[in-house]
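# Examining the three-dimensional arrangement
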Number of protein chains: 2
Amino acid sequence: MSSKILLVDNDIPLQTMLADHLQKVYRVVTATNGQETMRQAFSEHPHLVIVEVELPGMDGWGVIARLREISSIPIIILSKRTSEADKLRGFTLGVDDYITKPFSYAELLARINAVLNRTRRGTGTLENILIVDDLMIDLNRREVRLDTKLVDLTPTEFRLLEILARRHGKAVSEEELTKQMWGEYRHEGSTILRRYIWSLRSKLEEDPANPKWIVTIRGFGYMLE
Amino acid sequence: MSSKILLVDNDIPLQTMLADHLQKVYRVVTATNGQETMRQAFSEHPHLVIVEVELPGMDGWGVIARLREISSIPIIILSKRTSEADKLRGFTLGVDDYITKPFSYAELLARINAVLNRTRRGTGTLENILIVDDLMIDLNRREVRLDTKLVDLTPTEFRLLEILARRHGKAVSEEELTKQMWGEYRHEGSTILRRYIWSLRSKLEEDPANPKWIVTIRGFGYMLE
DNA sequence: AAATATTTTCATAAAATATTTATGGTTATG
DNA sequence: CATAACCATAAATATTTTATGAAAATATTT
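An account of the accompanying structure is given in this report. (Residues numbered from 1 in each chain as written. Chains lettered and ligands numbered in written order. Predicted model: local features only at pLDDT ≥ 70, side-chain atom pairs only at ≥ 80, totals over all residues. Heavy atoms only, no water.)

### Description of helix 6 (residues 155-166) of chain A
- The end-to-end C-alpha distance of helix 6 of chain A is 16 Å, a good match for the 16 Å that 12 residues give at a rise of 1.5 Å each.
- Within the sequence span of helix 6 of chain A, burial applies to Thr156(A), Glu157(A), Phe158(A), Leu160(A), Leu161(A), Glu162(A), Ile163(A), Leu164(A) and Ala165(A). (Helix = DSSP H or I, 4+ residues; strand = E, 2+ residues; numbered from the N terminus. Expected span 1.5 Å × (residues − 1). Buried < 20%, exposed > 50% of the residue type's maximum accessible area, 1.4 Å probe, protein only.)

### Details of helix 1 (residues 12-22) of chain B
- Three or more residues of helix 1 of chain B are buried, namely Leu14(B), Gln15(B), Leu18(B), Ala19(B) and Leu22(B). What you see down the axis of helix 1 of chain B is that its buried residues fit within an arc of 130°, all on one side. (Arc of directions from axis to C-beta.)

### As for the interface of chain A and chain B
- Listed by partner, the interface residues are 20 residues for chain A and 25 residues for chain B.
- Our count for the contact surface shared by chain A and chain B stands at 2 salt bridges.
- Note that Glu69(B) is salt-bridged to Arg66(A), the shortest N-O span being 3.0 Å.
- At the boundary of chain A with chain B, the tally comes to 8 residue pairs in polar contact (both at pLDDT 80 or more).
- Looking at the side of chain A that touches chain B, the elements that each hand over two or more residues are helix 2 (34-44) and helix 3 (60-70) of chain A.
- Here the side of chain A that touches chain B takes 6 residues from helix 2 of chain A, the largest share from any one element.
- Classifying every residue of the side of chain A that touches chain B by side-chain character gives 7 nonpolar, 6 polar and 7 charged. (Contact = heavy atoms within 4.5 Å. Salt bridge = Lys/Arg side-chain N within 4 Å of Asp/Glu carboxyl O. Polar contact = N/O pair within 3.5 Å; in protein donor to acceptor, adjacent residues only side chain to side chain. Nonpolar A, V, L, I, M, F, W, Y, C, P; charged D, E, K, R; others polar.)

### Here we look at the protein's contact with DNA strand C
- Around DNA strand C, the structure places 17 residues, and the nearest of them are Arg201(A), Thr216(A), Gly219(A), Tyr222(A) and Tyr222(B).
- When the atoms of DNA strand C within 4 Å of the protein are grouped by moiety, sugar and phosphate amount to 71% of the total.
- For DNA strand C, a phosphate oxygen lies 3.0 Å from a polar atom in the side chain of Arg194(A).
- Counting residues per element, the ones that place at least two in the surface near DNA strand C are helix 8 (192-204) of chain A together with helix 8 (192-204) of chain B. (Near = heavy atom within 4 Å.)

### Things to note about the sheet that holds strand 2 (residues 27-31) of chain B
All names here are of chain B.
- The sheet built from 5 strands is open, its strands ordered 2-1-3-4-5 with parallel pairing. The sheet is open, and its two edges are formed by strand 2 and strand 5 (97-100), each paired on a single side. Direction aside, the axes of adjacent strands within the sheet are offset by 20° on average.
- Two strands pair when backbone bridges link them, and strand 1 (residues 4-8) and strand 2 are joined in this way by 5 bridges, in the parallel orientation. Looking across to strand 2, one finds that Leu 6 is bridged to Val 29.
- Strands in contact with helix 2 (residues 34-44) are strand 1 and strand 2; relative to strand 2, the strand with the most contacts, it is inclined by about 150°.
- The sheet contacts of helix 3 (residues 60-70) involve strand 3 (48-52) and strand 4 (75-79), and relative to strand 4 the element is tilted by about 180°. (Pairing = 2+ DSSP bridges. Axes fitted to C-alpha atoms, helices over the stretch in contact; angles between N-to-C directions.)

Dropping the structure here:
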């Protein structure tokens, strides 16, 4: 069963947009002010509350304080900017994470997952989730999302992407990739890696001929941007 | 399952005595001040709150007001004396009943039942019950319900579903499933797990060929959604 | 233009998974 | 006590998906 998230934001258009996206992955309930938040928290018992800190009437911090009065429900703060003072303030209130606008959906999803995993059982950081920009590789579910859209990969493709993602921003040599994928005994002119780079691209890239994600480092190997 | 009652009273000896008696009929949780009351209301979701109106810090009326802010949970007021003014005050707050000390247990139970019957819709606890969306696995009764309909499973099927449910949302490898089900000692190419995945699906899934619950993670294992 | 590197297409083999059938054992039932 | 119903397991078969090598096409460098 997917987790339930309470989204608190008084900017209705933005809230709607966010909710739409999150709904693909979680169950989402919303509130636009302090009182509504408390009601929803009570009746829906969400697993996580995401609070935009500039709320009218009761400001975001007030909401958080009152939530904290009645429970230890995980809270993520959403704000335009997060000063050190804010972080301190949040820390004393037991806020679980901060996200500063602008943010990518992948980042949001990842942080949500991280917080949920952490609170569901003891530890767990984002270790089981790799994030590269708008690309999320969820090693728990063994699924890949590009801007919330699920990308269907074969096991081999998944493995290859995982390797690249673990070193994203760094070029990985063809030889090393091949070795990691198929072990030492594959060396002689094996063309198989390229075959998979190609199929990954065709699933991941908007325009596979001009790859944005998996770029070729000519004479060396490949790199995930 | 019996109803759950939140008993709010700062007179500890009296509260204890009351709780002892009520416990024979209901499940009882307690609080001794305003904040604790809000916490309990949130985390326990009682069917009924009984409030002693002379509380320290936040007085009884304040507690009631704050409870009413977040829910329409039934409330019974307990007080030494109930003036007409109090009744009016309570009425505007939507209090369900008043009990004036001294009172007999019989009277208390009667009024509790009356209020509960008025508002009743019994809900159970979640202990020893795994819930995944519309799927309920009752480990006590060893029964599985899908959207209230009972699903008849064999012991082996039940065990398999339980394992999957405990990690729902995460892929579980075929190897691990097999190990958990039958231990280490099972020859390599054992296909027995698939047999049971298949029979589970045929009992659980609306369209077993397009499983919604038990999805295969190709090259890895299975996952309960 | 030749040499080299990379991308793309294609056909096929291999594998992973799903489904059906068979068998022996256990339990419930009359 | 016999019989039927049920179940766990194994094994056989069918179906779907994936891995792979090689060849052809394209691009880039020298």
